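# Descriptive analysis of the structure
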Amino acid sequence: MSKSEANVVVFACNWDGLSSVEAVAQAGLSYPASVKVVRVSCLSRLHQGLILKAFELGADGVMLLGCEPGKCQFDTDPALITQECEKARKLMRLLGLKEERLVLTHVPRGDGSHFVGRVTSFIAEIGQMRSAVPGGA
Amino acid sequence: MFDTEREISDTRINLCLDCGKCTVVCPVAQHDPDFNPRLIAQRRLGQNRNIPQDDTIWSCISCYMCTERCNYRVRFPEFIHALRFEALEEGAQLQCTHGGALQAVMHMMARGDLHQDRLGWLPQDVELAEQCDTIFFVGCAPYFDVLFSDLGVDTLDGVKGALRLLNRAHIPFNILANERCCGRDLLLQGDREGFLALARANMEEFARHGVGKIITNCPECHYTLKVDYPKILGSTGIEVVHLTEVIAPLLRSGELRLGMLEKRATYHDPCTLGRCSRIFDEPRQILAAVAGLELVEMEQNREKALCCGASPWVHCGAVNRQIQGQRLAQAGATKADVMVTACPKCQIHLKCAQKSGDGKTTQVEIQDLASVAARSLD
Ligand code: SF4
Ligand code: SF4
């Protein structure tokens, strides 16, 4: 496990989030196979249960990829996902998981190389956490 | 380890006379015409076992009201738990409440390489006895308060109250930094593999620390550690007591005195502490020992107390809401300032009903028994 790349689940919103993931192939780029992308209509659809479920099923990291601030297609209050993300982080802390394993982020719409850069550096950070902490926490 | 047929016969369900008394007292059946304990038994024990899965088994709230009424002491809720296990084995899907967050937390807590960081809330003034073989089992309160922060629950306040009461009574105890969820909700929802993983992890932790006695504030942890662990894992050799069983005798003998709190309070018997563990008097004795506190009873109390209306984090719906509304209305009718419960989960479910009700739900203040008793000491 320590040699393989970290398993990352990306919850991408249907708009800016997914467009950047789809642009990866169009730009002739790629991201590691250990990254699984789950499309959701909007990040406000997510809640602490789904985020924790990803960790329960073996994710080493979870990335919530949404729209740039103020650009949500549904005009939902970004406070919703920020609050769920904060609750999930607190629960992770209780469980002894590093809260940095959960990130809430966005990249410019349709920018594939930006997404590849973001996800590969996230994998590298998780790799460092895993080697620094006994038991892989 | 689990012999379902044997378990089913241990519940004495075969003695069922078809009298229907359980159905008359069952709070779920009162609001849901499709839920009928007597028929569930008939369907499962009848000759035709090829009938489709019985979906109504998920509606039972394990309140043990039926057991109280049954002349043959049929342990109907345990019969339901066995049927749920069977149903899950046959591929039934659970409808988890709260997006499955509680199940995810419980399953992750069962991991062997777990290093929790769960004691950040521990007040500085609480004294622990590090070498002591008595532990206080905190339960899932640190997790509940995060999971249900939007409901304004503060179940840790009850835990802190319990610790202060024990300190005041000079009863030494330690706390384990890596205790797991007791697993009761997984057991009740039929996830026995999940329950066993948690129970074994806890037993290893107890053995490592040479635990000989456990004090709990949560009635569910109390019953599970005391009754279910030995029943399923074999004798644990550990004495398990509820906080109220420790505190009430000291109040009776005068070794401990509580302070003053001018309030009119009503006490809600949690099903697991009351009907399961038969602890009805001690909580009331503790409240009666608070000077200035007037204790008033709800219409349904003690053996007949109405449940807080919730399930083990599965299948929560309109019927649960109706039961909760009914219980809160009973509290409201007493004109009490505060509804006192001894279970963190009652607090969560009742506050949830208050928050998401139709605006007509009784908004009485809800507090943990240990919080109230400890507050009187200030
Ligand atoms: S335990 Fe409660 S909800 Fe379940 S059948 Fe008995 S009375 Fe009804
Ligand atoms: S009553 Fe309890 S189980 Fe039902 S939604 Fe509220 S907190 Fe969840």
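Residues numbered from 1 in each chain as written. Chains lettered and ligands numbered in written order. Predicted model: local features only at pLDDT ≥ 70, side-chain atom pairs only at ≥ 80, totals over all residues. Heavy atoms only, no water.

### Observations concerning the overall build of chain B
From N to C terminus, chain B includes 18 helices and seven strands. Compactness check: chain B gives a C-alpha radius of gyration of 20 Å against a globular reference of 21 Å for 378 residues, within 12% of the reference. Taken along its principal axes, the extent of the C-alpha atoms in chain B is 60 × 50 × 40 Å. Evaluated residue by residue, chain B yields a buried proportion of 60% over its 378 residues. (Helix = DSSP H or I, 4+ residues; strand = E, 2+ residues; numbered from the N terminus. Rg over C-alpha atoms; globule rule 2.2 N^0.38 Å. Buried < 20%, exposed > 50% of the residue type's maximum accessible area, 1.4 Å probe, protein only.)

### A look at the site of ligand 2
All names here are of chain B. Every residue lining ligand 2 is accounted for by His98, Trp313, Cys316, Arg321, Gln324, Ile348, His349 and Cys352. Looking at the shell around ligand 2, the elements with two or more residues in it are α16 (318–333) and α17 (344–356). If one sorts the elements of the shell around ligand 2 by residue count, α17 sits on top with three residues. When the residues that make up the shell around ligand 2 are grouped by side-chain class, the tally is four nonpolar, three polar and one charged. (Near = heavy atom within 4 Å. Nonpolar A, V, L, I, M, F, W, Y, C, P; charged D, E, K, R; others polar.)

### Observations regarding the interface of chain A and chain B
Interfaces are often sized by the accessible area lost when the parts come together. Each side of the interface is counted separately: chain A has 18 residues, and chain B has 23 residues. In total, chain A and chain B occlude about 1600 Å² of area from one another, counting both sides; carbon and sulfur atoms represent 64% of this. The largest per-residue losses of area from chain A upon contact with chain B belong to Glu56(A), Leu94(A) and Leu95(A), which jointly make up 41% of the total buried on that side. Inspection of the chain A/chain B interface yields one salt bridge. (Contact = heavy atoms within 4.5 Å. Buried area = accessible area lost by both parts, 1.4 Å probe. Salt bridge = Lys/Arg side-chain N within 4 Å of Asp/Glu carboxyl O.)

### Details of the pairing of strand β1 (residues 8–13) of chain A
All names here are of chain A. Of all six residues in β1, six are buried, a share of seventy percent or more. What you see with β1 is no split at all: Val8, Val10 and Ala12 on one side and Val9, Phe11 and Cys13 on the other are buried throughout. In this sheet, strand β2 (residues 35–40) lies alongside β1 in parallel orientation, the contact comprising six bridges. From the neighbouring strand, Val8 faces β2, where its bridge partner is Val35. In terms of handedness, the path from β1 via helix α1 (residues 16–26) over to β2 forms a crossover that is right-handed. Across five bridges, β1 lies against strand β3 (residues 61–66) in parallel orientation. Looking at the pairing, Val10 lines up with Met63 of β3. (Pairing = 2+ DSSP bridges. Right-handed = clockwise from strand over helix to strand, strands pointing away.)

### Some remarks on the packing of aromatic side chains
Within this structure, the stated rule accounts for nine aromatic pairs over all chains. Arranged with centres 5.5 Å apart and planes meeting at 90°, the rings of Tyr31(A) and Phe115(A) form a pair that is edge-to-face. Of this pair, Tyr31(A) sits in the loop between α1 and β2 while Phe115(A) sits in helix α4 (residues 112–132), placing them 84 residues apart in sequence. Residue Tyr31(A) is classed as partly exposed on the basis of its relative accessible area of 28%. With 6.2 Å between their ring centres and 70° between their planes, Phe137(B) and Phe206(B) make a pair best called edge-to-face. Of this pair, Phe137(B) sits in strand β1 (residues 134–137) while Phe206(B) sits in helix α11 (residues 192–208), placing them 69 residues apart in sequence. There is no split in this pair, since Phe137(B) and Phe206(B) are both buried. The structure contains a cluster of three or more aromatic residues connected by ring pairs, namely Phe144(B), Phe148(B) and Trp313(B). Against the face of Phe85(B) rests Arg192(B), its NZ or CZ located 4.6 Å from the ring centre. (Phe/Tyr/Trp six-rings, centres within 6.5 Å; stacked < 30°, edge-to-face > 60°. Lys NZ or Arg CZ within 6 Å of the ring centre and 35° of its normal.)

### Notes on the packing of helix α2 (residues 48–56) of chain A against helix α3 (residues 79–94) of chain A
All names here are of chain A. Two elements in contact, α2 and α3, have axes separated by 9 Å at closest approach and are oriented at 40°. The angle between the axes of α2 and α3 places the two elements in the oblique class. In this structure, the crossing between α2 and α3 has a hand that is right-handed. Contacts between α2 and α3 involve Gln48, Ile51, Leu52 and Phe55 from the former and Glu84, Lys87, Ala88, Leu91 and Met92 from the latter. The residue inventory of the contact of α2 with α3, partitioned by class, reads six nonpolar, one polar and two charged. (Axes fitted to C-alpha atoms, helices over the stretch in contact; angles between N-to-C directions. Parallel < 35°, antiparallel > 145°, perpendicular 65-115°, else oblique. Left-handed = near helix turned anticlockwise from the far one by under 90°.)

### Considering the nonpolar core
The biggest cluster of nonpolar side chains holds 65 residues, and the ones touching the most others in it are Val62(A), Leu64(A), Leu102(A), Met109(B), Phe148(B), Phe206(B) and Ile214(B). Here this core takes seven residues from helix α7 (residues 101–109) of chain B, the largest share from any one element. Here this core gathers at least three residues from each of two domains, domain 2 (99–246) and domain 3 (257–375) of chain B. Every residue in contact with Leu102(A), bar those within four places of it in the chain, is listed here: Ile51(A), Phe55(A), Val62(A), Leu64(A), Cys85(A), Ala88(A), Arg89(A), Met92(A) and Phe122(A). The next biggest cluster of nonpolar side chains, apart from the first, holds 43 residues, and it includes Val126(B), Ile215(B), Ala248(B) and Leu261(B). (Core = buried A, V, L, I, M, F, W, Y, C linked by side-chain atoms within 4.5 Å. Domains from an automatic or database assignment.)

### A few points about the domain arrangement of chain B
Residues and elements named next belong to chain B. Here the domain parsing of chain B yields domain 1 (4–89), domain 2 (99–246) and domain 3 (257–375). Relative to domain 3, the C-alpha centre of domain 1 lies at a distance of 27 Å. Counting from both sides, the interface comprises 13 residues of domain 1 and, opposite them, 20 residues of domain 3. Carbon and sulfur atoms make up 66% of the surface buried where domain 1 meets domain 3, a total of about 1300 Å² over both sides. For the domain 1 face of the interface with domain 3, the top three residues by lost area are His31, Ile61 and Glu68, together amounting to 40%. Connecting domain 1 to domain 3 are one salt bridge. A salt bridge links Glu68 to Arg278; the shortest N-O distance between them is 3.0 Å. The interface formed by domain 1 and domain 3 contains three residue pairs in polar contact (both at pLDDT 80 or more). Mapped onto the side of domain 1 that touches domain 3, the elements with two or more residues apiece are α3 (27–31) and α5 (65–69). Top contributing element to the side of domain 1 that touches domain 3 by residue count: α3, with four residues. By residue class, the composition of the side of domain 1 that touches domain 3 is seven nonpolar, three polar and three charged. (Polar contact = N/O pair within 3.5 Å; in protein donor to acceptor, adjacent residues only side chain to side chain.)

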